[in-house]
Amino acid sequence: MAHCITIFLALLVLRLLYEYYRDRRLPPGPKRLPFIGNIHQVPQVLPWRTFHQWSKKYGPIMSAQFGRQTIILIADTTIARDLLDKRGSLYSNRPKLVMADDNLVKGMHILLRQYDDRFRLHQRMEAPVLSPRASSTYYPIQDLESKQLLHELLSSNDFSLHLERYSISLLYSLTYGFRVKTGNEQDVEDARRILHNFTYASRVGTWAVDAIPMLNSLPMFLAPWKRIGEELFQIESSLHMRNMNKGLKSRAWNWSKEFSVSKQGQLMPPLELAYDLGILTEAGLETTSTVMKIFILATQSYPRFISVAQREIDHVVGTDRLPTLSDKDNLPYICAVVEETLRWRSIVPGGVPHAARQEDTYMGYRIPKDATIVPLHWSMSLDEHQFDNPLEFRPERWLAGSDNDRFTNFFGYGRRVCTGRHIARNSLFVLVARILWGFDVQPPIGADGKPKTVDDMDFGSAFVSAPAPFEAVFELRNEDARRIIENEWETTEKNLDIIMDSIKEEQKSIGLDLRG
């Protein structure tokens, strides 16, 4: 008995010495407990708000220990750029999520891939169709889909459905060569289910196998998470393969055809190629529509900006045509509205985690190899030193001064920056400008006869954090707007084959090297 106690005490001392060595010279943070670190403090609801409070106590760079994982939390714009942009080669990996990466997507998800030769192969394949020049050629699809959205708003205030339909139809058109015309199609329901599954599998603290990776070597009958992962993988992989095959059979040019004949695509198995295409469409479904819901939320909480924006639109565009992408340089206030929407309530307030590829030192602190680096977008967006009264929606803040010192990394950092950001920004501009051109966005009237109010801090805890469901009423500014919206929708080209072929020809005309 005494011998067992001695061994136990020796192991305890060794463990404590290991933890002391592991935690030396790390950035400050909440006190760790032996063996479990800070796992008991992992916030399950709106974690970025807890981390924001930690930053006020421990400073702009913090550390915590969540199970086996050392976490470096960054709440400062300069620090985030120094590490993730300027030292991007050191911080371009992703933390390992065993449940999500090994069981749900089996290494296929581009967001979770490590920064290796295979990841760079995907980057080279995507780059030609997602470059700034290529992205500008996709305006005809954005024009069509936004005209349908305006037409839908003439008879329905279900802006959430219409914005989701716009987002996924744009990406399905480009990727697979077919449109989503109602937003209620089975394809959309399947895409929503896949996004839900990915969020479910990626949640920190949900799966024992993420804390103890060796558990993943157990056979399936002893590892229920493997069975769950396999079931969800079959659903997702079949959808991506089905959609890619539709794209390859489509008459018109699309990304499925372009990727499949590329030098990089020919080095990939069909399923890997299908996942690359599928992840692009999933990102489009969730991100652009969520940013636009936040814009609508701002019209309910801080409506003063609406009249300012409409005066600019009326002066530049007038009332006898819709705004177009070519108006962008002449509509600085609308551009400021887009920037403020991206800042005001970040859609990824907890940031997208990176991982250190090797040990590093910053500000005298040690950052261990494989540590998870989390840029806290919530904290940086609401930094009072950068943004006066940060909880308020004030587009004017983007009209003066330099952005060099302010948080503007809405689409990520370094070598992991969002590849679809140019298309997304064009969509946001067109949608914001056209909605404000045609509509006054009003609060609904409650049973008491008074306008309903919204809680603009009521958001979900998912990776992409969306506002809680709320209502808004889209009132036409005048009958001329109705006439123009109806006429534009009636007369616009809706044949996707014709539109996609015209995009292909435009890309050729500006010297882009097409392969499909």
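Sequence order as written defines the numbering, with residues in each chain counted from 1. With the structure being a predicted model, the display of local features is reserved for residues of pLDDT at least 70 and the display and counting of side-chain atom pairs for 80 or more, all residues being used for whole-chain, interface and lining totals. Side-chain numbers here rest on the full set of heavy atoms in the structure, without hydrogens or water.

Here is the rule we go by: UniProt positions are given in the numbering used here, feature names are shortened, and annotations may be inferred rather than shown by experiment.
An unreviewed UniProt entry lists the chain under the name Cytochrome P450, with Aspergillus caelatus as the source organism. Here the chain is described in UniProt, under the heading Cofactor (unreviewed entry), as follows: "heme".

1. Focus on the overall build of the chain
The condition is simple: In DSSP terms, a helix is any run of H or I states spanning at least four residues, a strand is any run of E spanning at least two, and both are numbered starting from the N terminus. In this treatment the radius of gyration is a C-alpha quantity, and the globule benchmark scales as 2.2 Å times the residue count to the 0.38 power. For every residue, the accessible area (1.4 Å probe, protein chains only) is compared with the maximum for its type, and the residue is labelled buried under 20%, exposed over 50%, or partly exposed between those bounds. By definition in these notes, contact holds between two residues if any of their heavy atoms fall within 4.5 Å. Each accessible area value is a Shrake-Rupley result obtained with a 1.4 Å probe; residue values ignore everything except the protein chains displayed when judging cover. Residues scored as positive are Lys and Arg, those scored as negative are Asp and Glu, and His as well as the terminal groups of each chain are ignored. Every charge is mapped onto a representative atom, which is NZ of Lys, CZ of Arg, CG of Asp or CD of Glu.
On a plain count of helices and strands, the chain comes out with 19 helices and eight strands. Since a compact globule built from 516 residues should have a radius of gyration of about 24 Å, the 24 Å found for the chain is in line with a globular shape. On the principal axes, the C-alpha backbone points of the chain span a range of 90 × 50 × 45 Å. The proportion of buried residues among the 516 residues of the chain is 54%. Once local pairs closer than 6 in sequence are excluded, the contacts in the chain between residues at least 24 apart make up 74%. Counting only carbon and sulfur atoms, one obtains 56% of the accessible surface of the chain, whose full area is about 22,400 Å². Of the charged side chains in the chain, 63 are positive and 63 negative; the average position of the first set lies 6 Å away from that of the second.

2. Here we look at the packing of aromatic side chains
Inclusion rule: Any pair of Phe, Tyr and Trp rings, taking the six-membered ring for Trp, is counted once the centres come within 6.5 Å. Such a pair is stacked with planes under 30 degrees apart, edge-to-face with planes over 60 apart, and tilted for the rest.
For the structure shown, the criterion picks out 18 aromatic pairs. Arranged with centres 6.4 Å apart and planes meeting at 25 degrees, the rings of Phe51 and Phe66 form a pair that is stacked. Taken as a pair, Phe51 in helix H2 (residues 47-58) and Phe66 in strand E1 (residues 61-66) lie far apart in primary sequence, 15 residues in all. For the ring pair Trp344 and Phe393, a centre distance of 5.5 Å and an interplane angle of 85 degrees mean the geometry is edge-to-face.

3. Quick notes on the side chain of His240
Its place among the elements puts His240 in helix H11 (residues 224-249). Every residue in contact with His240, bar those within four places of it in the chain, is listed here: Ile194, Ala274, Tyr275, Gly278, Ile279 and Glu282.

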